[in-house]
Structure formats: C-alpha cells, structure tokens
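# Observations on chain architecture
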Amino acid sequence: MLQKDEIAGTDKSAQSGKAVSSPVSTAGGGTSFQAKVQALYLVNLLTGLPTVHGLGGSRVAAMRLEARYTGAHTDDLVCDLVDQTGSRSRCLVQCKRNIDVVESDDQFVEAFEAAWRDWHDATIFNRTKDTLVIASAAPVSTSLNAARRVCELARSSTTVVELSEKLSTAKMFPQAVRRAWDVLQQVSRKYLGARYSDNEVFAFAQRLRFDVHDLGSDDTREVILLSSLLGAQCAQPEHGRVLWAGLVDYLLERGTDAATVDAATWLLTASVDLVTAFQNRAPVPHSITVELAKLRTRSALQLSLISNRLPGGLHLPRGTICAEVVSRLQSHQAVIVAGGPGVGKSGLVSTLAPQLAESGPLCFFRADELDSSGLDAALTASGVSGG
C-alpha cells in the first residue's frame with residue numbers, strides 16, 4: 001500500500017533564504033498544486049509518456065525542486081531536457097495557482113519579473129532553446145487566457161512589427177488579447193527601465209508559456225487522462241490513480257528538501273512500493289512512439305496543404321471565430337464547426353492548429369478518411385498502425 005510519511009514544520013534553504021513550506025501544513029493549496037504540476041514532469045521522466053505539453057519532443061532527464069539555490073528565480077521547478085538527438089535544454093517553471101495578467105496583480109508581476117531575471121542570466125537560461133513557464137490552475141481569468149494567446153502569436157510571428165500588425169488589425173483578435181500585449185509591455189517597461197525595447201519583449205514572449213492545468217480533483221479531465229495513461233500499462237488499469245497520488249505525495253515530501261530527482265535519486269528516495277509499482281508497469285512499446293510521430297508528421301503535411309488566402313493574396317481575418325472556438329474548447333470536450341462548402345471550415349482549423357498543438361498532441365483527418373468501420377481502420381488506411 002502506498003503511504004505518505006508525515007512531516008511537519010518548515011525548512012529554510014540556507015543558500016536562498018526562501019522558506020520551503022511543509023506539504024502537510026499547506027496541502028490542498030498552492031503547494032499541493034505545485035506538487036501536481038511537478039508530478040506531470042516526473043511522469044514524463046519515469047515513463048516518457050506525453051504528460052507535459054510544449055516540450056517539443058524532448059524528455060525530462062532531471063528535475064530540481066525549489067531550485068533557487070541554483071541561481072534561478074523561476075524556481076519552483078527546473079527541468080533538464082534531452083531530445084532524440086541528445087541536445088539538451090531547460091524548462092523553468094513557476095506555479096501560481098490563481099493570477100490575473102494585470103499590472104495590479106502582485107503574484108503575476110512577481111512571476112513575470114522573476115522570468116525576466118532568468119532571461120538576463122546566461123548561466124541560467126539559454127535564449128535560443130530554453131523555456132520559461134508560468135503554470136496556473138483552471139479555471140483561469142480572461143486576461144491569462146489572452147496572455148497565453150499573445151505568447152502563441154509571438155511564436156508564430158517573425159518580428160514584433162508583424163505581431164503588432166496582427167493585434168492592431170480590426171476584428172482579427174479580441175480586445176482582451178491586445179490588452180494583454182499592452183500589459184506585458186508595460187510591466188516589462190517598468191522592470192527593464194532604460195533597457196526596454198519592443199524587440200526584446202517580443203523575443204521574451206516567444207520563450208514564455210502560460211500553462212493551465214486542471215488538477216484540482218481526481219475527476220478533472222486532465223487527471224482522468226493521466227490516470228488512464230499510467231494505468232494502461234498496469235496489470236490492473238485502475239492502479240493509474242494510485243500511481244498518480246503516490247507521485248504527488250512523493251513530491252510534496254521531496255520539495256521540503258529542495259531535491260534533485262533523476263533516474264538514480266528516484267530509486268534512492270521513493271518508497272519501495274512506489275518504485276516497484278512503476279517497475280512493474282509494462283514499458284510503452286517503441287512502436288507506439290514511432291506511430292505517434294508518423295501521425296503527427298502526416299497531420300502537419302495535411303494542414304500545410306490548406307491555404308488561408310483567397311485568390312490574389314487576400315486574407316480573411318478569423319480572430320473572432322478562432323477566439324470563440326478556443327473558448328468553447330476550454331469548457332467542452334468537442335466543438336463542431338459546421339458550414340457549407342467553401343465557407344472556410346478547413347481554413348479555420350488550419351489557423352487554429354499552431355495554438356491547439358501547444359495544448360496537446362494534434363491529429364488531423366479529412367472527413368473521407370474517417371469513412372471507416374472504426375478508428376483502427378482509419379489509421380491503417382492512412383499508413384499508421386491502429387490498436
């Protein structure tokens with residue numbers, strides 16, 4: 001039976017002067033949310049499962065909890081990542097359970113300025129490949145969703161001029177998105193002073209993510225999916241929930257030690273029951289990883305064939321309808337976009353694809369490809385193994 005050792009009180013890191021909260025005294029609040037976010041990355045480290053979005057195909061190799069002692073200011077979690085070529089990068093995560101992206105929200109300003117400090121420290125952050133993350137709990141404010149959209153738009157723009165033109169075009173994007181860009185600029189200007197430039201804020205936004213996690217209870221969609229992924233390789237699939245709970249408890253305890261977790265320290269610090277439970281899971285077949293990569297490549301090719309421009313290079317702005325679809329996806333499991341031939345349904349999906357891909361694996365099928373007896377048959381017909 002997986003159990004959590006009871007500990008109490010607070011510890012204080014001598015290197016950073018930052019109090020490390022007891023998981024018992026604060027469980028259910030910010031520290032509990034922080035441990036759950038950390039657990040998403042730990043699952044990826046232990047299994048390779050795609051439990052964290054935005055890693056770009058990399059896998060977590062090591063995690064540093066309460067990592068201020070390393071010099072990082074975005075310090076709730078610092079992950080070392082390795083991709084399939086062996087190239088290394090970092091992901092720095094700050095957990096803020098509830099924030100508004102407005103100048104008057106001290107929690108937002110604190111996390112945002114901490115990210116800027118790391119951005120300016122080349123020993124902590126590589127601007128060409130590392131990522132800064134501010135993680136919040138669902139449901140989130142309109143302003144935070146708008147800030148997420150700004151960063152996504154920055155990543156899909158080549159210059160700050162292009163981004164500004166998109167945001168200033170009437171009806172292309174909601175007013176909240178334009179306000180969020182103004183807030184990011186204003187808070188940056190106050191922090192940077194004479195060092196401020198629009199170009200640098202643009203580059204900073206390209207490397208910043210606002211992640212939203214629905215981890216509040218065992219019945220949220222994200223936790224159900226995680227439990228299913230963990231349980232899929234167990235002799236008894238329902239054990240996925242037990243494994244998830246065990247990881248969260250483990251990280252609540254390790255956070256008080258400002259621990260480093262990798263394959264070696266996991267074996268030394270996790271309970272025998274928890275280690276054994278993960279060792280007894282059947283490994284994720286390599287073929288699954290290969291087939292998922294095929295499906296993503298195929299989907300990207302299909303989407304690239306969809307034109308977003310009319311003859312003569314005319315472009316129809318879709319900001320309003322895109323915002324509505326994204327808003328509905330945050331509260332519904334499925335959204336159906338209906339309309340007659342040629343009204344722009346495919347163009348809408350193509351426009352949304354880069355943003356949706358940041359929230360999870362994105363697969364694209366034409367309607368005729370799904371005219372099969374089941375998903376397995378549709379996958380096989382598309383050159384991807386079903387099952």
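Provided above is the structure to which this section pertains.
A brief structural summary. (Residues numbered from 1 in each chain as written. Predicted model: local features only at pLDDT ≥ 70, side-chain atom pairs only at ≥ 80, totals over all residues. Heavy atoms only, no water.)

Per the secondary structure count, the protein chain includes 15 helices and 8 strands. Residues classed as buried in the protein chain amount to 43% of the 387 residues present. Counting contacts in the protein chain only where the partners sit at least 6 residues apart, residues at least 24 apart contribute 63% of the total. Surface exposure of the protein chain reaches about 19400 Å², of which carbon and sulfur atoms provide 54%. (Helix = DSSP H or I, 4+ residues; strand = E, 2+ residues; numbered from the N terminus. Buried < 20%, exposed > 50% of the residue type's maximum accessible area, 1.4 Å probe, protein only. Contact = heavy atoms within 4.5 Å. Areas by Shrake-Rupley, 256 points an atom, 1.4 Å probe, with all protein chains shown as cover.)

Judged by how many residues are buried, strand 4 (residues 77-82) sits mostly within the fold: 5 of 6 residues are covered. Of the strand pairs in this sheet, strand 4 and strand 5 (residues 88-95) are connected by 6 bridges, and their pairing is antiparallel. From the neighbouring strand, Leu81 faces strand 5, where its bridge partner is Ser89. Counting the residues that bridge the hairpin from strand 4 to strand 5 gives 5 residues, and of these Gly86 lies at a positive phi of roughly 95 degrees. (Pairing = 2+ DSSP bridges.)

Bringing the pattern of salt bridges into the picture now. Applying the stated criterion to the full structure yields 10 salt bridges. A salt bridge links Lys190 to Glu103; its shortest N-O distance comes to 2.9 Å. Of this pair, Lys190 sits in helix 6 (residues 175-192) while Glu103 sits in the loop between strand 5 and helix 3 (106-119), placing them 87 residues apart in sequence. Overall, the relative accessible area of 34% leaves Glu103 in the partly exposed class. Two residues, Glu200 and Arg127, come together in a salt bridge whose shortest N-O distance is 3.6 Å. Of the two residues, Glu200 is situated in helix 7 (residues 198-206) and Arg127 in the loop between helix 3 and strand 6 (131-137); the sequence distance between them amounts to 73 residues. You can call Arg127 partly exposed: its relative accessible area is 37%. Put simply, Arg64, Asp80 and Arg90 are held in one network by salt bridges that share partners. (Salt bridge = Lys/Arg side-chain N within 4 Å of Asp/Glu carboxyl O.)

Further remarks concern the environment of Asp257. Among the structural elements, Asp257 can be located in the loop between helix 9 (239-255) and strand 8 (260-262). Sequence separation of Asp257 and Leu65 is 192 residues, and the distance between their C-alpha atoms is 8.1 Å.

Within the largest apolar cluster, 44 residues are counted, with the highest numbers of intra-cluster contacts made by Val101, Phe108, Phe112, Phe204, Leu208 and Phe210. Those elements that provide at least two residues to this core are helix 3, strand 6, helix 4 (142-155), helix 5 (160-168), helix 6, helix 7 and strand 7 (208-213). For this core, the element with the highest residue contribution is helix 6, accounting for 8 residues. Filtering out sequence-adjacent residues up to four positions away, Phe112 remains in contact with Ile134, Leu184, Val187, Ser188, Phe204 and Leu208. If you look at the next biggest cluster of nonpolar residues, it comprises 43 residues, including Leu65, Cys91, Leu226 and Val275. (Core = buried A, V, L, I, M, F, W, Y, C linked by side-chain atoms within 4.5 Å.)

For the rest of this paragraph, the subject is the packing of aromatic side chains. This model, assessed by the stated rule, comprises 8 aromatic pairs. Centre to centre, the rings of Tyr250 and Trp266 are 5.1 Å apart; their planes meet at 80 degrees, and the pair counts as edge-to-face. Pair noted here: Tyr250 is in helix 9 and Trp266 is in helix 10 (residues 263-269), with a separation of 16 residues, a long-range link. Each residue in the set Phe108, Phe112, Trp116, Trp119, Phe125 and Phe204 is aromatic and connected to the rest through ring pairs, giving one cluster. Above the ring of Tyr196, the side-chain terminus of Arg189 is found at 4.3 Å from the ring centroid. (Phe/Tyr/Trp six-rings, centres within 6.5 Å; stacked < 30°, edge-to-face > 60°. Lys NZ or Arg CZ within 6 Å of the ring centre and 35° of its normal.)

Another point: helix 7. Those residues of helix 7 not exposed but buried are Glu200, Val201, Phe202, Phe204 and Ala205. Buried positions along helix 7 lie against helix 3, strand 6, helix 4, helix 5, helix 6 and strand 7.

Going from Ala138 to Pro139, the amide bond is cis rather than trans, its omega being -5 degrees. When you line up the elements, Pro139 lands in the loop between strand 6 and helix 4. Residue Glu66 is not a glycine yet carries a positive backbone phi of 45 degrees. Within the secondary structure layout, Glu66 lies in the loop between strand 3 (59-65) and strand 4. One non-glycine residue, Ala258, adopts positive backbone phi at about 50 degrees. Within the secondary structure, Ala258 sits in the loop between helix 9 and strand 8.

The strand order across the open sheet built from 6 strands is 7-6-5-4-3-8, with neighbouring strands paired in mixed fashion. On the outer flanks of this sheet lie strand 7 and strand 8, each paired with one strand and no other. Adjacent strand axes in the sheet meet at a mean angle of 25 degrees, parallel and antiparallel pairs treated alike. Summarising the sheet, strand 3 and strand 8 pair through 3 bridges and their orientation is antiparallel. Note that in strand 8 the partner of Ala62 across the bridge is Asp262. (Axes fitted to C-alpha atoms, helices over the stretch in contact; angles between N-to-C directions.)

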